[in-house]
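An overview of the molecular structure
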Amino acid sequence: METILNSFLLKSIIYSLLFYIVYKFVFALCGVFRKPKTKAKKNSKKGYRKPQKNQELVSKKVLTKDEIIMLDALEQVIPSRNILVQVSMSAFMTTQNISTRNQFSRLYVDYLIVDEDYNPILSIELDGHYHKYTQDKDKRRDLLLKSAGIPVIRFKEIPDIKVIRKTISRYI
C-alpha cells in the first residue's frame, strides 16, 4: 500500500512540475511574465514628471504688444464692460453634436465682450500680419460664432479709438 501511495505522490509531483514548466514556457512566449514597464518618476513637489531637456517648458506673455494696445483701447471705449482675452470658444459655446463641438473646441477668440452675467455679447478679432495664413480658419470661426448668435468684428490693424467706439456702438 505504501509503495502505491509513494508512486502516486511521485507521479503527482512530476505532473505538477511538467505542468508548471509548460505553463511558464507558453506564457513567457506570450509575454505574460515580462517585467512591467516602470512608471515615470513623480516630482514630489508637483506630482508629475519633469519635462525632458528637449521639451523644456517656458512661460511667455499672454498677449503681444499689439494685443495689449488693442485691449487698452477697448477698455477706454467700453470701461463698463468686462473684456476677456484669448478665450477658448468651448468656454462660451456648447452643443450636443460632437462633430460640431470638434470644430470649435480648439479655437479661441482674441477678445470677448461679456455682459454683467458673463454672457457673450461680441467677439473682436485683431488680424495681424499672420492673418493671410489663417484666413480659412478665421472664416470657419466667424461662421461658428454667427451660428451661436455672437457677432464678430475684425480689425486688420489697431484702429483709432473713435473708429472702435463707432464700430462697437452697433452691438453694445
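Coordinates for the structure precede this section.
A quick note: this is a predicted structure, and the numbers were derived from the prediction, not measured. (Residues numbered from 1 in each chain as written. Predicted model: local features only at pLDDT ≥ 70, side-chain atom pairs only at ≥ 80, totals over all residues. Heavy atoms only, no water.)

1. Structural notes on the pattern of salt bridges
This is how the line gets drawn: Just to be clear on terms, a salt bridge is a Lys or Arg side-chain nitrogen sitting within 4 Å of an Asp or Glu carboxyl oxygen. Helix and strand assignments follow DSSP, with helices taken as H or I runs no shorter than four residues and strands as E runs no shorter than two, numbered in order from the N terminus. Each residue gets one of three labels from its accessible area relative to the maximum for its type: buried under 20%, exposed over 50%, partly exposed in between, using a 1.4 Å probe on protein chains only.
Under the criterion given, the structure shown has six salt bridges. Notably, a salt bridge pairs Arg 154 with Asp 127, separated by 2.5 Å at the nearest N-O pair. Of the two residues, Arg 154 sits in strand 4 (residues 152–155) while Asp 127 sits in the loop between strand 3 (120–126) and helix 4 (135–147), which places them 27 residues apart along the sequence. For Arg 154, a relative accessible area of 25% puts it in the partly exposed group. Exposure remark for Asp 127: the relative accessible area of 7% places this residue in the buried category.

2. Some thoughts on the nonpolar core
Stated formally: Only buried Ala, Val, Leu, Ile, Met, Phe, Trp, Tyr and Cys residues count toward a nonpolar core, and they belong to the same one when joined by side-chain atoms within 4.5 Å. In this description, contact between two residues means that some pair of their heavy atoms is separated by no more than 4.5 Å.
Core analysis: the biggest nonpolar cluster contains 18 residues, and Met 70, Leu 74, Tyr 111, Ile 124, Ile 164 and Ile 168 have the highest contact counts within it. Among the secondary structure elements, those contributing two or more residues to this core are helix 2 (65–77), strand 2 (108–114), strand 3, strand 4 and helix 5 (161–168). No other element matches the five residues that helix 2 contributes to this core. Residues within four places of Leu 74 in sequence aside, it is in contact with Ile 83, Tyr 111, Ile 124, Ile 164 and Ile 168. In terms of nonpolar packing, the next biggest core, distinct from the first, is built from twelve residues, Phe 92, Met 93, Val 114 and Leu 145 among them.

3. Re unusual backbone geometry
Negative phi is the rule for most residues except glycine; trans is the rule for most peptide bonds. Although it is not a glycine, Gln 86 adopts a positive phi angle of roughly 50°. Looking at where Gln 86 falls in the secondary structure, it is placed in strand 1 (residues 82–88). In the Ramachandran plot, Tyr 118 falls in the positive-phi region, its phi being about 65° despite a non-glycine side chain. As for its placement among the helices and strands, Tyr 118 is situated in the loop between strand 2 and strand 3.

4. A short note on the packing of helix 2 against helix 5
Each pair of packed helices can be summarised by the angle the axes make with each other and by the distance between the axes. What counts here: For helices, the fitted line uses only the C-alpha atoms of the stretch in contact; every axis is such a line through C-alpha atoms, and the angle between N-to-C directions lies from 0 to 180 degrees. Comment on the angle field: the value is read as roughly parallel under 35 degrees, roughly antiparallel over 145, roughly perpendicular from 65 to 115, and oblique elsewhere. Crossings are sorted by hand: turned counterclockwise from the far helix by less than a right angle, the near helix makes the crossing left-handed, and turned clockwise it makes it right-handed. For this classification, the nonpolar set comprises Ala, Val, Leu, Ile, Met, Phe, Trp, Tyr, Cys and Pro, the charged set comprises Asp, Glu, Lys and Arg, and every other residue, Gly included, is treated as polar.
At a minimum axis separation of 10 Å, helix 2 and helix 5 run at an interaxial angle of 60°. Relative to helix 5, the element helix 2 lies oblique. In the packing of helix 2 onto helix 5, the handedness of the crossing is right-handed. Residue-level inspection shows Met 70, Ala 73, Leu 74, Gln 76 and Val 77 of helix 2 in contact with helix 5, the latter providing Ile 161, Ile 164, Arg 165 and Ile 168. Its residues assigned to classes, the contact of helix 2 with helix 5 shows seven nonpolar, one polar and one charged.

5. A few points about helix 5
Definition in use: Arc definition: directions from the helix axis to the C-beta atoms.
Listing the buried residues of helix 5 in full gives Ile 164, Thr 167 and Ile 168. Looking down the long axis of helix 5, one finds its buried residues gathered within 90° of arc, a one-sided arrangement. In this structure, helix 5 carries Lys 162 and Lys 166 as exposed residues pointing more than 90 degrees from its buried face. Along its buried surface, helix 5 packs onto helix 2, strand 3 and strand 4.

6. Side note on the side chain of Arg 141
In this structure, Arg 141 sits in helix 4. Apart from the residues within four sequence positions on either side, Arg 141 is in contact with Met 89, Leu 107, Tyr 108, Val 109, Glu 125 and Arg 154.

7. Thoughts on the pairing of strand 2
Heads up, the condition is: At least two DSSP bridges between two strands are needed for those strands to be called paired.
Buried residues dominate strand 2, accounting for six of its seven residues. Here six bridges tie strand 1 to strand 2, and the two strands are oriented antiparallel to one another. By the bridge assignment, Asn 82 is partnered in strand 2 with Val 114. Pairing between strand 2 and strand 3: four bridges, direction antiparallel. Note that in strand 3 the partner of Tyr 111 across the bridge is Ile 124.

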